[in-house]
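Chain by chain, the residues:
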Amino acid sequence: METKKIIVGITSAIFCLSLTGCGQQGKFIDAQKSTYKPRPVVSPQLTEQELFGWDPSAEITEEDIQDAIAQAEEEISIPRNAAIILVQSGEKTPDTDMQKELEKHYKVATFSGIPPFKKITANKEPLTVANSYILTLRYYGARGRQSTVIVYWPTLQMGIFDKQANSVVWQDYQPPGKNILISSLRYVTRYAVIDVKTGNWEMFSPTSIETAIPAATANTTKAKDLEDGVKKSKQQTYQINAQEIYSRFSLGKGRG
């Protein structure tokens, strides 16, 4: 009888410890949930390899290079009021500000800049042979009577003043934490201009326009000042970029 009591007592103690452990574990999980901050979702960007269909394993001969040089002699020209396709990397539709600026010079249609996901079979091989994105864009451009495709990659950066170096340090934008003073903003942009008929293309990066942020009285930049600064920086950048595109390609002077 005493043996049974001992066994029952030990069993009860183990059960209580188990409940206590579960309670502590539950509190630990709740604490983790309260401090967990999800990472921002970043849209997948088009890479140059995806856009142009570059195959690093493909053999390139001297003859291929000479043929490419001969073909590239025909310069890209986008006359005023030409029909074009505009693509922003990582977005279903390009920024409205960019569309409005280019519409001052061209007839603008848009296309998704989100790279298509390839279906993979059980042996990790692509289910079908996928065309390069540039072929897809040229095909739809030909069907829609658009002469040129313009793909662009905008990156918002923030400038933080380094007192020790007495200079501005630039990095990709992220919401600033405490004691972070953003002195200026800029959009770093890259453009790929592709001729639908020939397949010739050119990439270039315009000079970035810096937008100053008003000095904050506290140790952290005000959210309203940042919001206004981002809007102003984007508008200025797209306005100047659109004008540069028109100047570079309106008379076939893309290489100038």
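Look up: the structure comes first, before these words.
Fair warning: this is a prediction, and the values are worked out from it, not measured in the lab.

### Brief notes about the overall build of the chain
Looking only at helices and strands, the chain features 6 helices and 7 strands. Element order for the chain, N to C, with α for helix and β for strand: α-α-α-β-α-β-α-β-β-β-β-β-α. Relative to its 256 residues, the chain shows a buried fraction of 30%. Nonlocal contacts in the chain, meaning residues at least 24 apart in sequence, comprise 70% of its contacts between residues at least 6 apart.

### Section: the pairing of strand β6 (residues 201–204)
Side chains Glu 202 and Phe 204 of β6 all project onto a buried face; the interleaved residues Trp 201 and Met 203 project onto a face where none is buried. For strand β5 (residues 182–195) and β6, the ladder comprises 4 bridges, and the chain directions are antiparallel. Looking across to β6, one finds that Tyr 191 is bridged to Phe 204. In textbook terms, the turn of a hairpin is the stretch between consecutive antiparallel strands, and for β5 and β6 this stretch comprises 5 residues, one of which, Gly 199, has a positive phi near 85 degrees.

### Some thoughts on the nonpolar core
Ranked by size, the top nonpolar core spans 19 residues in total, and within it Ile 78, Met 98, Leu 102, Tyr 106, Ile 150, Tyr 191 and Ile 245 carry the most contacts. Secondary-structure elements contributing two or more residues to this core are β1 (83–88), α4 (96–102), β3 (148–162), β5 and α6 (223–249). Residue contributions to this core peak at 5 residues, all from α6.

### Side note on the pattern of salt bridges
Using the criterion set out here, one finds 6 salt bridges in the structure. A salt bridge links Arg 248 to Glu 202; its shortest N-O distance comes to 2.7 Å. Of this pair, Arg 248 sits in helix α6 while Glu 202 sits in strand β6, placing them 46 residues apart in sequence. In this structure, Arg 248 and Glu 244 form a salt bridge, with 3.6 Å as the shortest nitrogen-oxygen distance. Linking Arg 248 with Glu 244, this pair stays in helix α6, spanning 4 residues, or about one helical turn.

### Some remarks on the packing of aromatic side chains
Considering all chains together, one arrives at 10 aromatic pairs under this definition. A centroid spacing of 5.4 Å and a plane angle of 80 degrees characterise the contact between Tyr 139 and Tyr 140, whose relative ring orientation is edge-to-face. Accessibility expressed as a relative area gives 46% for Tyr 139, which makes it partly exposed. Relative to Tyr 238, the ring of Tyr 187 lies with its centre 6.3 Å away and its plane at 40 degrees, an arrangement referred to as tilted. Within this pair, whereas Tyr 187 is found in strand β5, its partner Tyr 238 is found in helix α6, the two being separated by 51 residues in sequence. Both residues of the pair, Tyr 187 and Tyr 238, belong to the buried class. Note that Arg 190 overlies the ring of Trp 153, its terminal NZ or CZ placed 4.6 Å from the centroid.

### Focus: the pairing of β1
Most of β1 is tucked away: 5 of the 6 residues are buried. Taken together, the 5 bridges between β1 and strand β2 (residues 107–111) define a ladder with parallel strand orientation. Across the sheet, Ala 83 pairs through a bridge with Lys 107, a residue of β2. For the crossover from β1 across α4 to β2, the handedness is right-handed. Bridge count between β1 and β3: 5 bridges; the pairing is parallel. Its bridge partner being in β3, Leu 86 is matched across the sheet by Ile 150.

### Observations concerning a negative patch on the surface
Taken together, the side chains of Glu 59, Glu 63, Asp 64 and Asp 67 present a region of like negative charge at the surface. One can find Glu 63 in helix α3 (residues 62–72). In this structure Glu 63 comes out as exposed when scored by relative accessible area, which is 58%.

Here is what the cut-offs are and how they apply
- Residues numbered from 1 in each chain as written.
- Predicted model: local features only at pLDDT ≥ 70, side-chain atom pairs only at ≥ 80, totals over all residues.
- Heavy atoms only, no water.
- Helix = DSSP H or I, 4+ residues; strand = E, 2+ residues; numbered from the N terminus.
- Buried < 20%, exposed > 50% of the residue type's maximum accessible area, 1.4 Å probe, protein only.
- Contact = heavy atoms within 4.5 Å.
- Pairing = 2+ DSSP bridges.
- Core = buried A, V, L, I, M, F, W, Y, C linked by side-chain atoms within 4.5 Å.
- Salt bridge = Lys/Arg side-chain N within 4 Å of Asp/Glu carboxyl O.
- Phe/Tyr/Trp six-rings, centres within 6.5 Å; stacked < 30°, edge-to-face > 60°.
- Lys NZ or Arg CZ within 6 Å of the ring centre and 35° of its normal.
- Right-handed = clockwise from strand over helix to strand, strands pointing away.
- Patch = residues over 30% accessible without salt bridge, like charges linked within 9 Å, V, L, I, M, F, W, Y side chains within 5 Å.
- Areas by Shrake-Rupley, 256 points an atom, 1.4 Å probe, with all protein chains shown as cover.
- Lys, Arg positive; Asp, Glu negative; His and termini not counted.
- Charge placed at Lys NZ, Arg CZ, Asp CG, Glu CD.

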